[in-house]
Amino acid sequence: MKEKILIVDDDADVLDTLKFALTMEDYEVLTATNGQDALKVLESAEIDLVVTDIKMPVMNGMELMRHIREFDTEIEIIDLAGHATVEIAVEALKNGGAFDFLRKPMEDVNQLFLTIEKALERRRLRRENKRIDIALKASERFNQAIIDSLPFNILVLDKSGVIVKANRTWQDFVSGFGVIGGNFFEICGSRIDDKEVISGIRSVLNGEAKRFEKEFICRLSCPEKWFLLQACWLENGSEQTVISQVDITRIKELETRLIHNHKMQSVATLAGGIAHQFNNALSGITGSVELLKMSSSDADAQKWLSMMESSSETMIRLTRQLLSFSQQGRYESKILSVNEIIQDTLPLLQNILTSQINITSDLSKDIRKIKADPSQLQMVLYELIVNSIEATKDSGNIRIESRNTAGAYVSLTIKDNGIGIDNTIKDRIFEPFFTTKFQGRGLGLSALYGIIRNHNGQISVDSEPGKGTEVRIVLPAVDDAPKTKHISGHQEKKTGKTILIIEDNTMNMRLAENIFGRFGFHILKAEDGTKAIEIVKKYQDTIDLIYLDMILPDMGGEAIYPIIVHERPAVKIIVCSGYSLQEAAEKIGVTESDSIEYIPKPTTPSMFKEKLKKWFVMGNE
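Please read these numbers as outputs of a predicted model, since none were measured by experiment.

### Concerning the environment of Gln245
- Checked against the element boundaries, Gln245 lands in strand S10 (residues 241-247).
- Expressed as a C-alpha distance, the spacing of Gln245 and Phe216, which sit 29 residues apart in the sequence, is 9.8 Å.
- Sequence-distant contacts of Gln245, defined by excluding residues within four places in its chain, comprise Phe152, Asn153, Trp170, Phe173, Phe184, Phe216, Phe227, Leu228 and Leu229.

### Things to note about the packing of helix H1 (residues 12-24) against helix H5 (residues 109-149)
- Relative to each other, H1 and H5 sit at 65°, their axes nearing to 11 Å. In this structure, H1 meets H5 at a crossing whose hand is right-handed. Between H1, through Leu18, Ala21 and Leu22, and H5, the contact on the second element is made entirely by Val109, Leu112, Phe113 and Ile116.
- Of the residues assigned to the contact of H1 with H5, the class counts are 7 nonpolar, no polar and no charged.

### A few points about helix H2 (residues 35-44)
- Buried within H2 we find Gly35, Ala38, Leu39, Val41 and Leu42. Viewed along the axis of H2, the buried residues span an arc of 160°, placing them on a single side of the element. Along H2, exposed side chains directed more than 90 degrees from the buried face belong to Lys40, Glu43 and Ser44.
- The opening residue of H2 is Asn34, an N-cap whose side-chain oxygen sits 3.1 Å from the backbone nitrogen of Gln36.

### Describing the sheet that holds strand S22 (residues 596-600)
- Taken together, the 5 strands give an open sheet; going across it, the order is S19-S18-S20-S21-S22, and neighbouring strands pair in parallel fashion. The sheet is open, and its two edges are formed by strand S19 (522-526) and S22, each paired on a single side. Pairs of neighbouring strands in the sheet enclose a mean axial angle of 20°, with direction left out of account.
- With 5 bridges connecting them, strand S20 (residues 545-549) and strand S21 (residues 572-577) associate as parallel partners. If you follow Leu545 over to S21, its bridge partner there is Lys572.
- Together, strand S18 (498-502), S19 and S20 form the strand contacts of helix H15 (residues 506-518), whose direction differs from that of S19 by roughly 165°.

### What to know about the packing of aromatic side chains
- The full count for this structure, using the stated rule, is 7 aromatic pairs.
- Measuring from ring centre to ring centre gives 5.6 Å for Phe516 and Phe521, while their planes differ by 90°; the resulting arrangement is edge-to-face. For the pair formed by Phe516 and Phe521, the shared burial category is buried.
- A ring pair is formed by Phe516 and Tyr547, whose centres lie 6.4 Å apart and whose planes are at 80°; its orientation type is edge-to-face. Taken together, the positions of Phe516 in helix H15 and Tyr547 in strand S20 put the pair 31 residues apart, joining distant regions of the chain.
- Overall, the relative accessible area of 2% leaves Tyr547 in the buried class.

### Quick notes on the sheet that holds strand S4 (residues 76-81)
- Spatially, the 5 strands line up as an open sheet ordered S2-S1-S3-S4-S5, and their pairing is parallel. Unpaired on one side and paired on the other, strand S2 (28-32) and strand S5 (100-103) mark the two borders of the sheet. Recorded for the sheet is a direction-independent mean angle of 20° between the axes of neighbouring strands.
- One ladder, built from 5 bridges, connects strand S3 (residues 49-53) with S4; its direction is parallel. From the neighbouring strand, Val51 faces S4, where its bridge partner is Ile78.

Here is what the cut-offs are and how they apply
Residues numbered from 1 in each chain as written. Predicted model: local features only at pLDDT ≥ 70, side-chain atom pairs only at ≥ 80, totals over all residues. Heavy atoms only, no water. Helix = DSSP H or I, 4+ residues; strand = E, 2+ residues; numbered from the N terminus. Contact = heavy atoms within 4.5 Å. Axes fitted to C-alpha atoms, helices over the stretch in contact; angles between N-to-C directions. Left-handed = near helix turned anticlockwise from the far one by under 90°. Nonpolar A, V, L, I, M, F, W, Y, C, P; charged D, E, K, R; others polar. Buried < 20%, exposed > 50% of the residue type's maximum accessible area, 1.4 Å probe, protein only. Arc of directions from axis to C-beta. Polar contact = N/O pair within 3.5 Å; in protein donor to acceptor, adjacent residues only side chain to side chain. Pairing = 2+ DSSP bridges. Phe/Tyr/Trp six-rings, centres within 6.5 Å; stacked < 30°, edge-to-face > 60°.

Interpretation note: all reported values are geometric properties and have no functional meaning in isolation.
Here is the structure:
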């Protein structure tokens, strides 16, 4: 685009000459014969340079320059002055803002071209500087907008620790008393107990270190918060240090909870091991007590044996609690109400609830019963409510509902008004290992999905970003008094009985020998799985019954059971274990055709007798 020059002179010859000469130099030239006409041209066209005579009718050059400066301070001006107006031209340079002046008549037109080019070059530089200045300010606003959008504190300190830049998150955090220009150490020093943080920041400011990083507790906030502080020396010659403070309070809470969960898992494993050992020891005690009661008619002895039996029952209850705590009795289904699960679960959440979370429940009074493992269902409900608490950012509403639904089903619904779930990930939430969290907090929806499916139920999620989430669980309803179903085979009356006792515990082996000996069994013994398999394969006569302990030193009952069934498909089996009935059946792979009964440890002679009556004709033993 051609640069525009306005020539203002009342001499027509001067106008024509200058217009012709400048047009030949590829400028766009406009003309005016006086100051007023020149102002009209300036209003209608964007002029880069004005070449004006000083003395003109209507409005002279000095007055025109004042108007031009009021109109646009960046238009360059060159004065044309005769010999009599040189002093005025010099005044125009000083006070009128003119770039230069030329004398008339002009003897060297090249001087005119050179002066005009210099003036236009200065205008170009001014424009470029202005453009750069605008770009720099826009860049500064953009950079400030970026750091303002960051969810953590950003500070820039000079060498003495004065805050020269800060983002909005920091200003909101300090609530106005840590404004730009304040000294960081005076503002925050007394609120940071960790002196290593203060000395670390100073080491970076002094150039002794390029970077410093430390977790610390800041008492500037209420309640106190954990921060990860990073100080980094800026390698741009400014002698400034940028500090970032990331709020890691939630991560610390999760870390503490994770450590607690690991500890609890370790304790649960230990509890399960102790419970199994207790069961072995208690089997010897309870079995011996019952045998003594059977063989003694002394009233005084019977009294003391009853006291021993009562104490044993107390220990049995404690052992069952340990097994339940260790989750080794999982999927032990019972007939129950989902309302009971809800009412038992809500108190467990008190330690993580804040006063800003409102949990309400709307439970159907005539809710139908379901068949479920209460501990597993409680775990599912607990995790879903925890997810809702996180989704509401510790401030919101959570509603729990139970309803009878169409058909023989019961629904359990958890609603929250939290952040919701984006449509792009909603279809993936039940995938294993998929999470939107930095660190998983609980079972995860894939695990919850598996638990509900194992209860023949369905779980669904309805959610929209910003509108909250609704999780709905549907479980089959059952009658209050279901028929009891055993996993044992058909009854078969038989005499001439042989039993193989597979038990590694010496006391329990001796007790089993005594019990089955009293019942008239011929006894074979195996202290481990290897010997048991050898007897099953090589014993020439019939084995009518096998006593199988689930835990042996060389292999588990789940490894021995398939071999027994394969080698002796008609044999009756009593599984003896501290595991629950369902878990024991699942571990060994029981089928409907198997002749198997389950006896939980600790065992007693009467428990064996009741099971044996299903298969054999028992005498008066």
